[in-house]
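Report on the structure
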There are 2 protein chains.
Amino acid sequence: MKTLSCIATAATLVALSVPAAAQFAKPEDAIKYRQSAMFIQSQHFGRIGAMVSGKAPFDAAAAAENAAIVADMSKLPWAGFMPGTDKGGNTKAKPEIWTEQAKFKETNEKLMAETAKLAAAAKTGNLDNLKTAFAATADTCKSCHDNFRNK
Amino acid sequence: MKTLSCIATAATLVALSVPAAAQFAKPEDAIKYRQSAMFIQSQHFGRIGAMVSGKAPFDAAAAAENAAIVADMSKLPWAGFMPGTDKGGNTKAKPEIWTEQAKFKETNEKLMAETAKLAAAAKTGNLDNLKTAFAATADTCKSCHDNFRNK
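Residues numbered from 1 in each chain as written. Chains lettered and ligands numbered in written order. Predicted model: local features only at pLDDT ≥ 70, side-chain atom pairs only at ≥ 80, totals over all residues. Heavy atoms only, no water.

**Points about the packing of aromatic side chains**
Within a pair of aromatic rings, the relevant descriptors are the distance that separates the centres and the angle that separates the planes. On inspection of all chains with the given rule, the structure shows 14 aromatic pairs over all chains. Taken together, a centroid distance of 6.1 Å and an interplanar angle of 20° make the contact between Trp78(A) and Phe81(A) stacked. Like Trp78(A), the residue Phe81(A) is buried in the burial classification. Ring pairing ties together the aromatic residues Trp78(A), Phe81(A), Trp98(A), Phe104(A) and Phe148(A), which thus form one cluster. Its end group placed over the ring of Tyr33(B), Arg47(A) keeps NZ or CZ at 5.9 Å from the ring centre. It is Arg47(B) that lies over the ring of Phe24(A); its NZ or CZ is 4.8 Å from the centre. (Phe/Tyr/Trp six-rings, centres within 6.5 Å; stacked < 30°, edge-to-face > 60°. Buried < 20%, exposed > 50% of the residue type's maximum accessible area, 1.4 Å probe, protein only. Lys NZ or Arg CZ within 6 Å of the ring centre and 35° of its normal.)

Structure, rendered in structure tokens:
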């Protein structure tokens, strides 16, 4: 949880301490940044998914380490959704990200909360706990993608 | 340092607990993964660079948070350099990564060590400490890129 809170603080501080537009040299960098964080997250989340679905053997230590990275990564993408990054690169971002900021922020926070729970569940070493937390996290991913990402 | 050791353990465990080839669905994913981690790292390292060079005002808290993310990110890319990922995507990886594995591993470890020192230096809140550690880290980046990355 130390890791989580550290990175959470990092993301918040970075977001607060520098004007958003100054954080990235150009909109394409912001888009690439948020996509990079989500790609890394998806890779580690997918490894947990393979264990949860039985496609890979359950390895409690690997699950815990993957979940810790998923939780860390969940803090990063949001700074990349600064105004002016609705177009550019190969973004699939929907305009609703900027027209429904409160709702978007709520889903960001939900993802951070659910991935923190996933990391905690993985640490218990119990596959059933992991399955429950994995499903809740997956639902959060899906809900945000359904609302805020184009196909 | 807790964060660092946690992610270092994560990367090591993931690398050890799953056959390398099984970690990524396809070589392109491994390439994208390592590039994503290095891109995120470069963004945060660049923000420290701006402070160190005087292009941005020195903000000790922001420097510390950026450095923590740089150090965390330095643990991730290596799993993506698995055999069979020398071609594909838009990789600039040189063959020496695989023909000189011991030397490559040494530079990976040097980067992790230097970025840990960078994070520690940033935590002191002293700009001179940050400058010294930034320069050492930048040298390590450059040395590895010179030896192992095509222009």
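**What about the nonpolar core?**
Nonpolar side chains tend toward joint burial in soluble globular proteins. Core analysis: the largest hydrophobic core is formed by 20 residues, its most contacted members being Ile40(A), Met73(A), Leu76(A), Ile40(B), Met73(B) and Leu76(B). Among the secondary structure elements, those contributing two or more residues to this core are α2 (27-52) and α3 (60-73) of chain A together with α2 (27-52) and α3 (60-73) of chain B. With residues near it in sequence (within four places) discarded, Met73(B) still touches Met73(A), Leu76(A), Ala37(B), Ile40(B) and Gln41(B). (Core = buried A, V, L, I, M, F, W, Y, C linked by side-chain atoms within 4.5 Å. Helix = DSSP H or I, 4+ residues; strand = E, 2+ residues; numbered from the N terminus. Contact = heavy atoms within 4.5 Å.)

**Let's talk about the packing of helix α5 (residues 101-123) of chain B against helix α6 (residues 127-148) of chain B**
Residue and element names in this part refer to chain B. Interaxial distance between α5 and α6 falls to 9 Å at its minimum, and their mutual angle equals 160°. Taken together, the axis directions place α5 and α6 in an arrangement best described as roughly antiparallel. Classified by chirality, the crossing of α6 by α5 is left-handed. Contact residues: α5 offers Lys103, Phe104, Thr107, Lys110, Leu111, Glu114, Thr115, Lys117, Leu118, Ala121 and Ala122, while α6 offers Asn129, Leu130, Ala133, Phe134, Ala136, Thr137, Thr140, Cys141, Cys144, Asn147 and Phe148. Taken together, the residues of the contact of α5 with α6 break down into 12 nonpolar, 6 polar and 4 charged. (Axes fitted to C-alpha atoms, helices over the stretch in contact; angles between N-to-C directions. Parallel < 35°, antiparallel > 145°, perpendicular 65-115°, else oblique. Left-handed = near helix turned anticlockwise from the far one by under 90°. Nonpolar A, V, L, I, M, F, W, Y, C, P; charged D, E, K, R; others polar.)

**With respect to α6(B)**
Residue and element names in this part refer to chain B. Spanning 22 residues, α6 covers 31 Å between terminal C-alpha atoms, matching the ideal 32 Å at 1.5 Å per step. In the core, the buried residues of α6 are packed alongside α2, α3, α4 (96-99) and α5. You can read the cap of α6 off the contacts: a side-chain oxygen lies 2.8 Å from the backbone nitrogen of Asp128, and it is on Asn126. (Expected span 1.5 Å × (residues − 1). Polar contact = N/O pair within 3.5 Å; in protein donor to acceptor, adjacent residues only side chain to side chain.)

**Topic: the environment of Asp29(B)**
Locating Asp29(B) in the fold gives a position in helix α2. As a C-alpha pair, Asp29(B) and Thr85(B) span 56 residues in sequence and 9.2 Å in three-dimensional space. Excluding residues within four positions of it along the chain, Asp29(B) makes contact with Phe39(A), Gln43(A) and Phe24(B).

**Focus on the environment of Thr137(A)**
Residues and elements named next belong to chain A. Topologically, Thr137 is positioned in helix α6 (residues 127-148). Classification of Thr137 by relative accessible area gives buried; the value is 1%. For the pair Thr137 and Thr85, spaced 52 residues apart in sequence, the C-alpha separation works out to 26 Å. The contacts of Thr137, once residues within four sequence positions are left out, are Phe45, Leu111, Glu114, Thr115 and Leu118.

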